[in-house]
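# Close look at the chain arrangement
As a plain string of letters, each chain reads:
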Amino acid sequence: SRIWNNAFNGHFGASVYNEMEIFNPDLTLTAQGRHIKEAISPLKEGAGALLYYTERPIEAAVLASTPSTMAVWADYTFTDNNDAREIWVTLLKRAKCNVNFITPSKLKSGVLAKDGYKVLILPFALALSDEEISAIRDFAANGGLVFADVQYAVYNENVARRKKPVSIPGVE
């Protein structure tokens, strides 16, 4: 959404040219003021707070997974997950993040904690092994931010469809 695009470009609020539009004479918020407050509230917690309050650079990892690329090809014939990775990298670099690609083996080896990553991006991560899911869960449970742009872990590492959807608490 536009609010996240703005945040990744260093903008964390709203420009108001006439305070009468957002404040009543008694300094309570008007309907427009309440709408603006609601619209920017995600920037005050979670990922927004991390972007706003953390000193740069943020170390960000982007998962580059061959099984996921195969799953994208099989499941999303006209979509290229390389485009998704490029978009994420562009957004992260605009936000002054250091971006590194990691492989599934690096993810499973604990590189996220060892190298001080704060953010993990899962672009079109349709295929994840149980070990990768466990590593992502651990990372999120220890305060790491995880973003997935489509449903993740629909398949295992062998690109076999899972019987049940996988849920990883903390993945946005």
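The structure contained in this document is the topic of the report that follows. Since the model is a prediction, treat every value here as computed from it, not as a measurement.

### Details of the pairing of strand β4 (residues 145-148)
Here β4 shows two buried faces, one formed by Leu145 and Phe147 and the other by Val146 and Ala148. Bridging between strand β3 (residues 119-122) and β4 involves 4 bridges; their strand directions are parallel. The residue bridging Ile121 from the neighbouring strand is Phe147, located in β4. Taken together, β3, helix α8 (residues 130-141) and β4 constitute a β-α-β crossover, and its handedness is right-handed.

### Quick notes on the nonpolar core
Ranked by internal contacts, the top residues of the largest apolar core, which has 23 residues, are Ile102, Leu120 and Ile136. Elements that contribute at least two residues to this core include exactly β1 (59-63), α7 (111-114), β3, α8 and β4. If one sorts the elements of this core by residue count, α8 sits on top with 5 residues. Filtering out sequence-adjacent residues up to four positions away, Leu120 remains in contact with Ala61, Leu63, Ile102, Leu107, Leu112, Ile136, Phe139, Leu145, Val146 and Phe147.

### Observations concerning the side chain of Glu132
Considering the arrangement of structural elements, one finds Glu132 in helix α8. Put simply, Glu132 is tucked away with no salt bridge, and the nearest opposite charge, on Lys108, sits 5.1 Å away. Dropping the residues within four chain positions of it, Glu132 is found in contact with Leu63, Pro104, Leu107, Lys108 and Glu157.

### Some remarks on the pattern of salt bridges
Between side chains of opposite charge, a pair can form when the charged atoms approach closely. Scanning the model with the defined rule gives 1 salt bridge in all. Among the ionic pairs, Asp130 bridges to Arg162, the shortest N-O distance being 3.0 Å. On the criterion of sequence distance, the pair formed by Asp130 in helix α8 and Arg162 in the segment after β4 is long-range, its members being 32 residues apart. Note on Asp130: relative accessible area 54%, which makes it exposed. The exposure class assigned to Arg162 is buried, which follows from its relative accessible area of 19%.

### Topic: the environment of Ala61
Its place among the elements puts Ala61 in strand β1. For the pair Ala61 and Val146, spaced 85 residues apart in sequence, the C-alpha separation works out to 9.6 Å. If sequence neighbours within four positions are ignored, Ala61 has contacts with Asn100, Ile102, Leu112, Tyr117, Val119, Leu120 and Ile121.

Parameters at a glance
Residues numbered from 1 in each chain as written. Predicted model: local features only at pLDDT ≥ 70, side-chain atom pairs only at ≥ 80, totals over all residues. Heavy atoms only, no water. Buried < 20%, exposed > 50% of the residue type's maximum accessible area, 1.4 Å probe, protein only. Helix = DSSP H or I, 4+ residues; strand = E, 2+ residues; numbered from the N terminus. Pairing = 2+ DSSP bridges. Right-handed = clockwise from strand over helix to strand, strands pointing away. Core = buried A, V, L, I, M, F, W, Y, C linked by side-chain atoms within 4.5 Å. Contact = heavy atoms within 4.5 Å. Lys, Arg positive; Asp, Glu negative; His and termini not counted. Salt bridge = Lys/Arg side-chain N within 4 Å of Asp/Glu carboxyl O.

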